[in-house]
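Observations on chain architecture
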Amino acid sequence: MQTVAVIDYGMGNLHSVAKALEHVGAGRVLVTSDAQTIREADRVVFPGVGAIRDCMAEIRRLGFDELVREVSADRPFLGICVGMQALLERSEENGGVDCIGLFPGQVRFFGKDMVEDGEQLKVPHMGWNEVEQSLDHPLWHEIPDRGRFYFVHSYYIEAGNPAQVAGRGHYGKDFAAALADGSRFAVQFHPEKSHSHGLQLLQNFVSWDGRR
């Protein structure tokens, strides 16, 4: 039976992610902060919610920045929400925070005065939104292009390498909703809250071999 490690660094609704993984038949799902358990897992999920400064402080305190670099290089790895943002080079949240740097690019604030079609847009961007699939990737298997997923975020990904953008969203401005590189895949939305499309993505993840 395969093991899926959900990295616990004290930030994120980890148990809802774990239950969704169990629901799609992920095998043995472990919510853990034990580095050796994470190293021994067949697949790794890196979730997160909250302020990036607090997240990165805990990630670095636990040595998880180097651990994430290690385990994401040779097995299927999924970053979710702030777990995705932490994989970028830098976030402008809290005056600027250096992140892990696995994907080139920046995390930007949506802004306070976004208007589209005469409508004032609220920040955070919260609710359902379409994701345009910009790469043919195994994690999109049986998910329709422009399928809707659930988002909650005030900051968005400005990708440094357009070839790594696997999905795009739009809320006042275009942003990277999914990134892919080798065995790494990361999403800004919450698949565990995205009903059938989100569960399909998680099911695709647990059957993915880590290759395109």
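Conventions and cut-offs
- Counting from 1, residues in each chain are numbered in the order their sequence is written.
- Only residues with pLDDT of 70 or above have their local features reported here, since the model is predicted, and side-chain atom pairs are shown and tallied only from 80 upward, although totals for entire chains, interfaces and linings are computed over all residues.
- To get the side-chain values, all heavy atoms of the structure are used, and hydrogens and water are removed first.
- For each residue, the accessible area found with a 1.4 Å probe, counting protein chains only, is set against the maximum for its type, and the residue is called buried under 20%, exposed over 50%, and partly exposed in between.
- Put simply, DSSP marks the helices as runs of H or I at least four residues long and the strands as runs of E at least two long, and each gets a number from the N terminus on.
- Two strands qualify as a pair provided that DSSP identifies no fewer than 2 bridges between them.
- Handedness rule for crossovers: strands pointing away from the viewer, path from the first strand over the helix to the second running clockwise, crossover right-handed.
- Pairs of N or O atoms are called polar contacts if they sit within 3.5 Å, as long as, within protein, a hydrogen donor faces a hydrogen acceptor (for residues adjacent in sequence, only side-chain-to-side-chain pairs).
- Note on definitions: a residue-residue contact is assigned when non-hydrogen atoms from the two residues lie within 4.5 Å.
- Think of it this way: a Phe, Tyr or Trp ring, Trp meaning its six-membered ring, pairs with another when their centres are within 6.5 Å, and the plane angle makes it stacked under 30 degrees, edge-to-face over 60, tilted otherwise.
- For each structure, a 1 Å grid was placed over the protein atoms alone; sets of points admitting a 1.4 Å probe that cannot get out are labelled cavities, open sets with protein on both sides within 12 Å along at least five of seven lines are labelled pockets, and lining residues have an atom within 4 Å of a point.
- Grid points are joined across faces, edges and corners, and a volume is the space filled by probe spheres set on the points.
- Residues were grouped as follows: Ala, Val, Leu, Ile, Met, Phe, Trp, Tyr, Cys and Pro as nonpolar; Asp, Glu, Lys and Arg as charged; and all remaining residues, including Gly, as polar.
- Every case where a carboxyl oxygen of Asp or Glu lies within 4 Å of a side-chain nitrogen of Lys or Arg is listed as a salt bridge.
- What the arc describes is the spread of directions from the helix axis to the C-beta atoms.

1. Brief notes about the pairing of strand β1 (residues 3–7)
- The element β1 is largely enclosed, with a buried count of five among its five residues.
- Residues Thr3, Ala5 and Ile7 line one face of β1 and the alternating positions Val4 and Val6 line the opposite face, and both faces are buried.
- Inspection of the sheet shows β1 paired to strand β2 (residues 28–32) by five bridges, in the parallel sense. Bridge assignment links Val4 to a residue of β2, and that residue is Val29.
- As for the winding sense of the linkage, the β-α-β connection from β1 through helix α1 (residues 14–23) to β2 is right-handed.
- Two strands pair when backbone bridges link them, and β1 and strand β3 (residues 43–46) are joined in this way by three bridges, in the parallel orientation. Bridge pairing in β3 links Val6 to Val45.

2. Focus: the side chain of His125
- With respect to the element layout, His125 can be found in strand β10 (residues 125–133).
- A polar contact is formed between the side chain of His125 and the side chain of His153, at a distance of 2.8 Å.
- Among residues more than four places away in sequence, those in contact with His125 are Phe110, Phe151, Val152, His153, Tyr171 and Phe175.

3. Examining the packing of aromatic side chains
- Scanning the model with the defined rule gives 13 aromatic pairs in all.
- With a centroid separation of 5.4 Å and 40° between ring planes, the pair formed by Tyr9 and Phe46 is classed as tilted. Of this pair, Tyr9 sits in the loop between β1 and α1 while Phe46 sits in strand β3, placing them 37 residues apart in sequence.
- Overall, the relative accessible area of 2% leaves Tyr9 in the buried class.
- Summarising the aromatic geometry, the rings of Phe46 and Phe77 are spaced 6.0 Å apart at their centres and angled 40° between planes, so their arrangement reads as tilted. Here Phe46, found in strand β3, pairs with Phe77, found in strand β4 (residues 77–80); they are 31 residues apart in sequence, far enough to count as distant. Judged on exposure class, the residue Phe46 and its partner Phe77 are both buried.

4. Some details on empty space enclosed by the protein
- Per the stated rule, a full pass over the model turns up one cavity of 30 Å³ or more.
- Of the volumes computed, that of the largest cavity is approximately 40 Å³.
- For the largest cavity, the full set of lining residues is Gly12, Asn13, Val17, Pro47, Gly48, Val49, Ile80, His190 and Glu192.
- Tallied by class, residues from the lining of the largest cavity come to four nonpolar, four polar and one charged.

5. Some thoughts on the pattern of salt bridges
- Tallying each qualifying case throughout the model produces 11 salt bridges.
- Measuring nitrogen to oxygen at the nearest pair gives 3.5 Å for the salt bridge that ties Arg108 to Glu92. A residue pair is termed long-range when its members are at least 10 positions apart, and Arg108 in strand β7 (residues 105–109) and Glu92 in the loop between β5 (90–91) and β6 (97–98) qualify at 16 residues.
- Arg146 is the salt-bridge partner of Glu132, the closest N and O atoms lying 3.7 Å from each other.

6. A word on helix α3 (residues 52–61)
- Within α3, the full set of buried residues consists of Ile52, Cys55, Met56 and Ile59. All buried residues of α3 project into a common sector of 90° when viewed along the axis, lining one side.
- One or two steps after α3, the chain reaches Gly63, where phi turns positive at roughly 75°.

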